[in-house]
Amino acid sequence: MKVLVPVKRVVDFNVKVRVKPDGSGVETANVKMSMNPFDEIGVEEAIRLKEAGIATEIVAVSCGGQACQETLRTALALGADRAILVETDAELQPLAVAKLLRAVGQKENPGLVILGKQAIDDDCNQTGQMLAALLGWPQATFASKLKISDGKAAVTREVDGGLETISIKLPAVVTVDLRLNEPRYASLKGIMAAKKKPIEERTVASLGADAAAPPRVTLESLEMPAPKQPGKLFKDDMETAVREVVRLLHEEAKVI
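Figured I'd write up the structure that's included with this text. (Residues numbered from 1 in each chain as written. Predicted model: local features only at pLDDT ≥ 70, side-chain atom pairs only at ≥ 80, totals over all residues. Heavy atoms only, no water.)

### Some thoughts on the overall build of the protein chain
No. 1: Within the protein chain, the secondary structure is distributed over 7 helices and 11 strands.
No. 2: The principal-axis extents of the C-alpha atoms in the protein chain amount to approximately 70 × 45 × 40 Å.
No. 3: Taken across its 256 residues, the protein chain has 41% of its residues classed as buried.
No. 4: Sequence-distant contacts in the protein chain: of pairs separated by 6 or more residues, those separated by 24 or more amount to 70%.
No. 5: Just so you have it, the protein chain exposes about 14,700 Å², and 53% of that area is on carbon and sulfur atoms. (Helix = DSSP H or I, 4+ residues; strand = E, 2+ residues; numbered from the N terminus. Buried < 20%, exposed > 50% of the residue type's maximum accessible area, 1.4 Å probe, protein only. Contact = heavy atoms within 4.5 Å. Areas by Shrake-Rupley, 256 points an atom, 1.4 Å probe, with all protein chains shown as cover.)

### What to know about the layout of surface pockets
No. 1: The space that makes up the second largest pocket amounts to roughly 630 Å³.
No. 2: Lining the second largest pocket are 26 residues, and of these Phe13, Glu40, Thr74, Arg184 and Tyr185 sit closest to its centre.
No. 3: Listed by contribution, the elements that provide at least two residues to the lining of the second largest pocket are strand S3 (33-35), helix H1 (37-51), helix H2 (68-78) and helix H5 (188-194).
No. 4: The element contributing the most residues to the lining of the second largest pocket is H2, with 6 residues. (1 Å grid on protein atoms, 1.4 Å probe; cavity = no way out; pocket = protein on both sides within 12 Å on 5 of 7 lines; lining within 4 Å. Points joined across faces, edges and corners; volume = space filled by probe spheres on them.)

### Some remarks on the sheet that holds strand S1 (residues 2-6)
No. 1: Strand order in the open sheet made by the 9 strands is S9-S8-S7-S10-S6-S1-S4-S5-S11, with mixed pairing throughout. Where the open sheet ends on each side, the last strands, each with one partner, are strand S9 (162-169) and strand S11 (199-203). For this sheet the average axis-to-axis angle between neighbouring strands, irrespective of direction, equals 30°.
No. 2: Bridge analysis of strand S8 (residues 152-159) against S9 gives 8 bridges, and the strand direction is antiparallel. Looking across to S9, one finds that Val155 is bridged to Ile166.
No. 3: Against the sheet, H1 engages S1, strand S4 (57-64), strand S6 (112-116), strand S7 (139-149) and strand S10 (172-176), with an angle of about 145° to S6. (Pairing = 2+ DSSP bridges. Axes fitted to C-alpha atoms, helices over the stretch in contact; angles between N-to-C directions.)

### Things to note about the environment of Ala133
No. 1: With respect to the helices and strands, Ala133 occurs in helix H4 (residues 127-135).
No. 2: Spatially, the C-alpha atoms of Ala133 and Ala77 are 31 Å apart, while their sequence positions differ by 56 residues.

### Observations concerning helix H3 (residues 94-108)
No. 1: The first and last C-alpha atoms of H3 sit 20 Å apart over 15 residues, in line with the 21 Å expected at 1.5 Å per residue.
No. 2: Those residues of H3 that are buried lie in contact with S1, S4, strand S5 (82-87), H4, S11 and helix H6 (204-207).
No. 3: One or two positions beyond H3, positive phi appears at Asn109, with a value near 55°. (Expected span 1.5 Å × (residues − 1).)

### As for the side chain of Thr127
No. 1: Residue position: Thr127 is located in helix H4.
No. 2: The exposure class of Thr127 is buried, given its relative accessible area of 18%.
No. 3: Once residues lying within four places of it in the same chain are set aside, the contact partners of Thr127 are Pro94, Val97, Ala98, Leu101 and Leu115.

### Side note on the packing of H3 against H4
No. 1: Viewed as axis vectors pointing N to C, H3 and H4 meet at an angle of 50°, and their least axial separation amounts to 8 Å. On the basis of their axis angle, the class for H3 and H4 is oblique. Where H3 crosses over H4, the two elements pack in a sense that is right-handed. On H4, the residues that touch Pro94, Leu95, Val97, Ala98, Lys99, Leu101, Arg102 and Gln106 of H3 are Thr127, Met130, Leu131, Leu134 and Leu135.
No. 2: Class assignment for the residues of the contact of H3 with H4 results in 9 nonpolar, 2 polar and 2 charged. (Parallel < 35°, antiparallel > 145°, perpendicular 65-115°, else oblique. Left-handed = near helix turned anticlockwise from the far one by under 90°. Nonpolar A, V, L, I, M, F, W, Y, C, P; charged D, E, K, R; others polar.)

### Quick word on the pattern of salt bridges
No. 1: Applying the stated rule across the entire model yields 17 salt bridges.
No. 2: Linking Glu108 and Lys2 is a salt bridge whose minimum nitrogen-to-oxygen distance equals 3.0 Å. With a gap of 106 residues between them, Glu108 in helix H3 and Lys2 in strand S1 connect regions that are remote in the sequence. Across the pair, exposure class does not vary: Glu108 and Lys2 are buried alike.
No. 3: Of the charged contacts in the structure, one is a salt bridge between Glu239 and Arg243, with a shortest N-O distance of 3.3 Å. Taken together, the residues Glu239 and Arg243, both in helix H7 (residues 238-251) and 4 residues apart, mark about one turn of the helix. (Salt bridge = Lys/Arg side-chain N within 4 Å of Asp/Glu carboxyl O.)

Written out as structure tokens, the structure reads:
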């Protein structure tokens, strides 16, 4: 079974995000970029499926500019067999990405698509669901456990009330949550091997997909949240402190 794993290049989660002076977006110049953490979990799960003899090939795919090759090399170093870069400079919103991934999926014919439930830059949580709808495949979202057998996937999902387990037929789309696994680090051997693994570059036109459609969402402006007000420390006795808290809630916070 071939497994397709989409990966996205995002600002590293350890970086303190800064808004551009004109408020048009997040500053990415000279900023450390890395693979979306949820996608790392997807890559790890695909590798574990291959180690278990269930998956036969892992194909990583990314959509964007040439800089995305770095993210794909990371996936190859972790254990993916080959990679595909859908090169485009267009602004890619979830629906456009889903259309590109559908085109790749129709050409690659995978038995399973595993991707992060969301990306940490926009937190849209839409691409996996849209991809499943476009392909007409079953889907399971927020997976915290995945088991493949007899042409089906048993997926334990995290829901508001706890956990639920569903069974879906393959091929299918699965989006993964944080508790599915703990991603491994790339070994030196894997990093060296990744340099020889192929990255196939495809254009949007060659896939017959439409990534240049007008965006569904337009960003008007972006700004940092207002700084938090400093807290107050009460050194008086308990009764006096409680009275002061009540006064502040009533007169300043206007909540009582």
